[in-house]
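One letter stands for each residue in the lines below.
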Amino acid sequence: MITTQPDWLIPLLGGNTLLSAALGYLVPAMVTRRKDAGDLASDLLRQALERIDKLERENAECAEKAARLEKRCDRNELVLRLTLSDLSARAPDSPTLRQAQTLCGPAFAAGG
């Protein structure tokens with residue numbers, strides 16, 4: 001006795017085979033793509049963190065340099081005030097004193 005297959009069985013098996021092949025390709029491709037995206041995100045995050053560390057070090061160096069410059073400016077201002085004060089007591093009509101007071105501005109004019 002020969003059994004015949006229903007007409008719908010062949011297309012169903014063909015569709016099943018096609019679906020299995022597509023999933024067999026797509027699933028590994030999607031997993032690989034997701035892994036690559038994760039690796040790229042990790043690399044970008046690592047680069048961003050390295051850049052932040054570098055910027056923080058540079059900022060600390062700038063802050064230290066600014067503090068040193070501020071100390072130097074404060075010291076120079078004190079020296080200038082002492083010098084102008086002494087010069088104004090010794091030679092109030094000195095052209096050098098007038099020139100220094102003009103260059104330093106009103107803050108130093110009256111021994112400020």
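Rules and cut-offs
- Residues numbered from 1 in each chain as written.
- Predicted model: local features only at pLDDT ≥ 70, side-chain atom pairs only at ≥ 80, totals over all residues.
- Heavy atoms only, no water.
- Salt bridge = Lys/Arg side-chain N within 4 Å of Asp/Glu carboxyl O.
- Helix = DSSP H or I, 4+ residues; strand = E, 2+ residues; numbered from the N terminus.
- Buried < 20%, exposed > 50% of the residue type's maximum accessible area, 1.4 Å probe, protein only.

Draft legend 1. Structural context of the pattern of salt bridges. Here the structure, examined in full by the defined rule, presents three salt bridges. For Glu50, the salt bridge identified is with Arg46, shortest N-O distance 3.1 Å. In this pair, Glu50 and Arg46 both sit in helix α1 (residues 9–90), four residues apart, roughly one turn of the helix. For Glu50, a relative accessible area of 44% gives the class partly exposed. Overall, Arg46 belongs to the partly exposed group, its relative accessible area being 40%. Measuring nitrogen to oxygen at the nearest pair gives 3.1 Å for the salt bridge that ties Asp86 to Arg90. Of this pair, Asp86 and Arg90 both sit in helix α1, four residues apart, roughly one helical turn. Given a relative accessible area of 38%, Asp86 falls into the partly exposed group. The exposed category is assigned to Arg90, whose relative accessible area is 68%.

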